[in-house]
Protein chains: 2
Amino acid sequence: MKFSDIGEFGFIDSIKGQFDIPMEGVIKGIGDDCAVLSTTLDRVLLFTTDMLVQDIHFMIERISYYQLGRKAIAVNLSDIAAMGGRPLAALISIAIPVETEVEAIHELCRGMRDICRQYNLAIGGGDTVASPDKLVINVAVAGEAKKSEVLYRSGACPGDMIYLTGPVGDSAAGLKILKNEITPPEVMRDYFIKAHNDPAPLVEIGEIIAASGLASAMIDLSDGLLSDLGHICEESKAGALLLAEKIPISPELTLLGDSTGLNPLELALSGGEDYQLLFTVPMEPEQGIDKLFKDHDLPAPHHIGEIGQGSGIRMKRADGSFAELQPMGFDHFNRSQR
Amino acid sequence: MKFSDIGEFGFIDSIKGQFDIPMEGVIKGIGDDCAVLSTTLDRVLLFTTDMLVQDIHFMIERISYYQLGRKAIAVNLSDIAAMGGRPLAALISIAIPVETEVEAIHELCRGMRDICRQYNLAIGGGDTVASPDKLVINVAVAGEAKKSEVLYRSGACPGDMIYLTGPVGDSAAGLKILKNEITPPEVMRDYFIKAHNDPAPLVEIGEIIAASGLASAMIDLSDGLLSDLGHICEESKAGALLLAEKIPISPELTLLGDSTGLNPLELALSGGEDYQLLFTVPMEPEQGIDKLFKDHDLPAPHHIGEIGQGSGIRMKRADGSFAELQPMGFDHFNRSQR
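Residues numbered from 1 in each chain as written. Chains lettered and ligands numbered in written order. Predicted model: local features only at pLDDT ≥ 70, side-chain atom pairs only at ≥ 80, totals over all residues.

### Describing the domain arrangement of chain A
Residue and element names in this part refer to chain A.
Then step 1. The domain boundaries assigned to chain A delineate domain 1 (3-149) and domain 2 (153-337).
Then step 2. Taking only C-alpha atoms, the centre of domain 1 and the centre of domain 2 are 22 Å apart.
Then step 3. Contacts between the two partners involve 28 residues from domain 1, matched on the other side by 25 residues from domain 2.
Then step 4. Those elements that provide at least two residues to the side of domain 1 that touches domain 2 are α1 (3-19), α2 (65-82) and β4 (86-97). (Domains from an automatic or database assignment. Contact = placed C-beta atoms within 7 Å. Helix = DSSP H or I, 4+ residues; strand = E, 2+ residues; numbered from the N terminus.)

Written as structure tokens, this is what we have:
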């Protein structure tokens, strides 16, 4: 059996059992945005990693080395944000094709350094190695959180409201533009490409949500709204109902839809890499979350649906009809998606 | 300027300044076996990573997937050992060529799981991604240590004795055998190949040395004796004198030298990947270290020289003459070494 037959998720399922060994001090191993290890009585260590491979995760013609450096760090910071943690230090491994211009890697490092400064993240070291042909970047980030505040994927309960911090679909539109699948009005080009190439991890917002004690579960949208909400449902053993009208779509994406015939809702549901935070909040005076965001001068989060009994995700359309949705994520091993 | 012109160490020097930003809580950033972050008053977090790239660090015809899995974890455990720490959890990223047999990766994972169990290391998660052609494995390991016990590369002082935990050169001999550069007596073949493909990280010994308070500096031998002792000298702003006769060489390597004409001392000085620990001990009743090892039923360490004033490494030969040695490490970007 080839890897292309089984795919990433199939493979992970096939090894999860032998790797997820209960061990003292490990609060959460495989299966959330970060591993969670207890350190002291009231604090935990968060630990996450992401690998970016040339021609799989990025095409070097479609992103600057500077942006690539930022993004390699950003996707890890987003995982720390998704647990409500504070990032501490990063380890950076880079496999560099020997004929690469040193200046290009200096630009990559400048991007990494800038985003690390921005988020107060230390660079703890790493590994610089040669590569036969492709550029490969692996970043691992350690962070910390109060044990009582960490937000897992598994905490959602039927009745909880589902919130999203901001618009989704812009990154997927940016990717389509970069791949020349669509041509945007020139004035919007940079907006979408930035959304895809230089996403902003919502570390501060994640910490505020976690510290408030108002939320029950949280995840960052890396695979896409349906796929990541699907993770919350699966880990929480619950289902979800989405309200199509409430899913936040940027004015830019609406306009892009008008001018290119793209369906913004489709991109918003299935497009990945927006790095917004999706979180659930037990029923309570609804102003709790709104007030929290207002008190911190943050734009109000979007109430997009609620957690229900059972499993799977349903969506209520604007016309009142319902759709059963398949939580489709991107699988790099899947031939049909390559 | 191409990467092949500047090499790994040249590149690291060129970015070290901008990456090594003093930051609260970071006791040691770039430049030792692990990053060291303070967690509580008396404990620190150790944090290390290593990347293995197919056709650069390993040839899949020369190592089994099972051994490769063990080795990818082992090299990181050795870095934790070199600080005197206890490993806690690993994050594993694997970029897998899509046409790889799933069974091969299961073997890789079985190797990882077995060594993790052996060393009580939790697997905290990771990232499984596709690769266009080469297999790439990145492992990051978090560990912990008592703040007062951590052994840095920078702690050696003139007059300190230099110790080595066991024989060196076997791994380099194993590599030469795997590359068909030499043909060993058949009975020794497995011994050397195991030394290269399945090295044992000395985690327990590292912890014992650190906890004893007897040592002043420590490093694991990944690049080679001269190169790694060179790191100790550089970070400690000191020089070193090696006693050629005292450098431990296995009986097997001596025999291999006899039968193939290889110079065992040369392999012992410049060959990498033995993962023995090299540590320095301030002058004191010499039996301190010997007694420590004896009390723990460990083979006595080898007193191979001492730290001196100045810089650089000199070696006293058996005939009493001296040689100035160049701390040569392996640089994958260096054309002459490929």
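### Structural notes on helix α6 (residues 203-212) of chain B
Residues and elements named next belong to chain B.
Then step 1. For α6, every residue scored as buried is listed here: Val-203, Ile-205, Gly-206, Ile-209 and Ala-210. Taken around the axis of α6, the buried residues stretch over an arc of 165 degrees, which confines them to a single face.
Then step 2. Where α6 is buried, its residues meet α2 (65-82), β4 (86-97), β6 (136-146), β8 (217-220) and β10 (277-281).
Then step 3. In the segment just after α6, Gly-213 is the residue with positive phi, at about 75 degrees. (Buried ≥ 20, exposed ≤ 12 C-beta atoms within 10 Å, placed from the backbone. Arc of directions from axis to C-beta.)

### Regarding the relation of the copies chain A and chain B
Then step 1. Once chain A is rotated about the relating axis by 180 degrees and shifted along it by 0.0 Å, it coincides with chain B to within an RMSD of 0.0 Å. Taken together, the rotation angle and the small translation identify this as a two-fold axis.
Then step 2. Most of the interface of chain A is mirrored in chain B, where 100% of its interface residues again form contacts. (Least-squares fit on C-alpha atoms with pLDDT ≥ 70 in both.)

### Notes on unusual backbone geometry
Residues and elements named next belong to chain B.
Then step 1. Unusually for a residue other than glycine, Asp-55 sits at a positive phi of about 75 degrees.
Then step 2. Along the chain, Asp-55 turns up in the loop between β3 (43-53) and α2.
Then step 3. Residues other than glycine seldom take positive phi values, yet Asp-297 does so here, at roughly 60 degrees.
Then step 4. Note on placement: Asp-297 falls in the loop between α10 (287-295) and β11 (302-308).
Then step 5. Its 6 C-beta neighbours within 10 Å are what place Asp-297 among the exposed residues.

### A word on the interface of chain A and chain B
Then step 1. Taken together, the contacts link 62 residues of chain A with 62 residues of chain B.
Then step 2. Listing elements by their share of the side of chain A that touches chain B, those giving two or more residues are α1, β2 (35-38), β3 (43-53), β4, α3 (102-118), β5 (122-131) and β6 (136-146) of chain A.
Then step 3. Per element, the largest residue contribution to the side of chain A that touches chain B is 10 residues, and it comes from β5 of chain A.
Then step 4. Tallied by class, residues from the side of chain A that touches chain B come to 35 nonpolar, 17 polar and 10 charged. (Nonpolar A, V, L, I, M, F, W, Y, C, P; charged D, E, K, R; others polar.)

### Examining the sheet that holds β3 of chain A
All names here are of chain A.
Then step 1. Spatially, 6 strands are ordered β1-β2-β3-β6-β4-β5 in an open sheet, and the strand pairing comes out mixed. Edge positions in the open sheet fall to β1 (26-28) and β5, since each of these has one partner strand only. Direction aside, neighbouring strands of the sheet carry axes that sit 20 degrees apart on average.
Then step 2. For β3 and β6, the ladder comprises 11 bridges, and the chain directions are antiparallel. Bridging across to β6, Met-51 finds its partner in Asn-138. (Pairing = 2+ DSSP bridges. Axes fitted to C-alpha atoms, helices over the stretch in contact; angles between N-to-C directions.)

### What about the sheet that holds β6 of chain B?
All names here are of chain B.
Then step 1. Strand order in the open sheet formed by 6 strands is β1-β2-β3-β6-β4-β5, with mixed pairing between adjacent strands. Where the open sheet ends on each side, the last strands, each with one partner, are β1 (26-28) and β5 (122-131). Taking each pair of neighbouring strands and ignoring which way they run, the sheet shows an average axis angle of 20 degrees.
Then step 2. Where strand β2 (residues 35-38) meets β3, 4 bridges bridge the pair, whose relative direction is antiparallel. Residue pairing across strands places Ser-38 opposite Val-44, the latter belonging to β3.

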